[in-house]
Each structure stands twice: as C-alpha cells, then as structure tokens.
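Now for the letters of each chain:
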Amino acid sequence: MKIVISTEGKELDARVDPRFGRCEWFISVDSESMDFDCTANSAVNSSQGAGIQAAQFVVDNQAEALITGHVGPNAFEVLEASGIKIYDGTGLNAKQAIEELNSGKLSEITKAGQAHAGMNAGTGAGMNRGAGAGMRNGPRGRGHGQRRP
C-alpha cells in the first residue's frame, strides 16, 4: 500500500509530525517493500491554504493512506473525497507508524480537527482584542485595554 507520512525529517526514523499542512517533510513509502522517497512540503510557509495544498500533494501521489497527527477541515474534506484513509501516528517515528498500520494498531482519524491547530502558539491570538474586548463600554482593539489620553 502506498502511504504518505508527515514527518520532521527525511528518513524512516524521523518522528511523525503532528502538523499536516505545516509539516516540514512528506515521506512516501510502499508499506510492503519499504521503498520510500522524501519531499519537502512546499506549503509549509504558505500564508494560507497549506492544508489544502498538502492534501493535494497526497492525492497527486496516489496514496491510499496518510499518517499524521492533525488534519484541519479543508484538508480533511479533500482527503476524504479522494478516499484516502487518515491515521494518527503522533509520538511514533515513520517506521513504527508503518508497522503499527500494517498490524492494525493505528487509530483512524474519522473527523476533521480544528482549523489552524498546528500553528505556533500565540499566532493570531488576541487579534483586534484589547483587555476590555466584549465589555459593554470597555476599550476595544487597542491592545491591553489602554485608554486614549
């Protein structure tokens, strides 16, 4: 079976990257022969649509399965429509994940995760929200609730 794995490195001992759209590498492997090749994720620095671009890579490589950690709703939709099964390989290296998939031990991901969950912590957090955001008469969008002089 042809499998694509989101990884943190270029070899089968590389850890599965829990980020799908923003992973560094994709390893495409034949699960029976263990022949593989590695491709840099061209969408890793995209300003938007990284998950969809990554999903299209998986589809274009005619994979039957994807091993990753998190897949957002747009990427999930593309993969599901293409009949590609998605498995959670969090905490494993690529070789271990393949072995666990072959033995039926990997959990299938059957629903999309939250969009942008793989982004760095703090990215976009608090955009346009001061400390008083949502308060009836409080300051809004001025950062930390400072009042104008």
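Further up the page is the structure itself.
Note that the structure is a prediction, hence the values are computed from the model and not measured. (Residues numbered from 1 in each chain as written. Predicted model: local features only at pLDDT ≥ 70, side-chain atom pairs only at ≥ 80, totals over all residues. Heavy atoms only, no water.)

## Digging into helix α3 (residues 94-102)
Phase 1: Looking at α3, one finds that the buried residues are Ala94, Ala97, Ile98 and Leu101. Projection of α3 onto a plane perpendicular to its axis shows the buried side chains occupying an angular sector of 100°, all on one side.
Phase 2: Those residues of α3 hidden inside the fold are in contact with β1 (2-7), β2 (25-30), β4 (65-68) and β5 (85-88).
Phase 3: A distance of 3.0 Å separates the backbone nitrogen of Lys95 from a side-chain oxygen at the start of α3, and that oxygen is part of Asn93.
Phase 4: Two residues or fewer after α3 comes Gly104, characterised by a positive phi angle close to 80°. (Buried < 20%, exposed > 50% of the residue type's maximum accessible area, 1.4 Å probe, protein only. Helix = DSSP H or I, 4+ residues; strand = E, 2+ residues; numbered from the N terminus. Arc of directions from axis to C-beta. Contact = heavy atoms within 4.5 Å. Polar contact = N/O pair within 3.5 Å; in protein donor to acceptor, adjacent residues only side chain to side chain.)

## A closer look at unusual backbone geometry
Phase 1: Even without being glycine, Met34 reaches a positive phi, approximately 65°.
Phase 2: Even without being glycine, Gln62 reaches a positive phi, approximately 55°.
Phase 3: Relative to the helices and strands, Gln62 is located in the loop between α1 (50-60) and β4.

## Some details on the packing of α1 against helix α2 (residues 73-81)
Helix packing for two helices is described by the angle between their axes and how far apart those axes are.
Phase 1: Between α1 and α2, the least distance of the axes is 8 Å, while the angle of their chain directions is 20°. Relative to α2, the element α1 lies roughly parallel. In the crossing of α1 with α2, the sense of the turn from one axis to the other is right-handed. Along the contact surface, α1 presents Gly51, Ile52, Ala55, Val58 and Val59, while α2 presents Asn74, Ala75, Val78 and Leu79.
Phase 2: A class-by-class count of the residues in the contact of α1 with α2 yields seven nonpolar, two polar and no charged. (Axes fitted to C-alpha atoms, helices over the stretch in contact; angles between N-to-C directions. Parallel < 35°, antiparallel > 145°, perpendicular 65-115°, else oblique. Left-handed = near helix turned anticlockwise from the far one by under 90°. Nonpolar A, V, L, I, M, F, W, Y, C, P; charged D, E, K, R; others polar.)

## Here we look at the nonpolar core
Phase 1: With 17 residues, the main nonpolar core has Phe20, Val58, Leu66, Val71 and Leu79 as its most contacted residues.
Phase 2: Ranked by residues supplied to this core, first place goes to α1 with four residues.
Phase 3: The residues contacting Leu79, other than those within four sequence positions of it, are Phe20, Ala55, Val58, Leu66, Val71, Ile84 and Ile86.
Phase 4: Val16, Ala65, Ile98 and Leu101 belong to the second-largest nonpolar core, a separate cluster that totals 15 residues. (Core = buried A, V, L, I, M, F, W, Y, C linked by side-chain atoms within 4.5 Å.)

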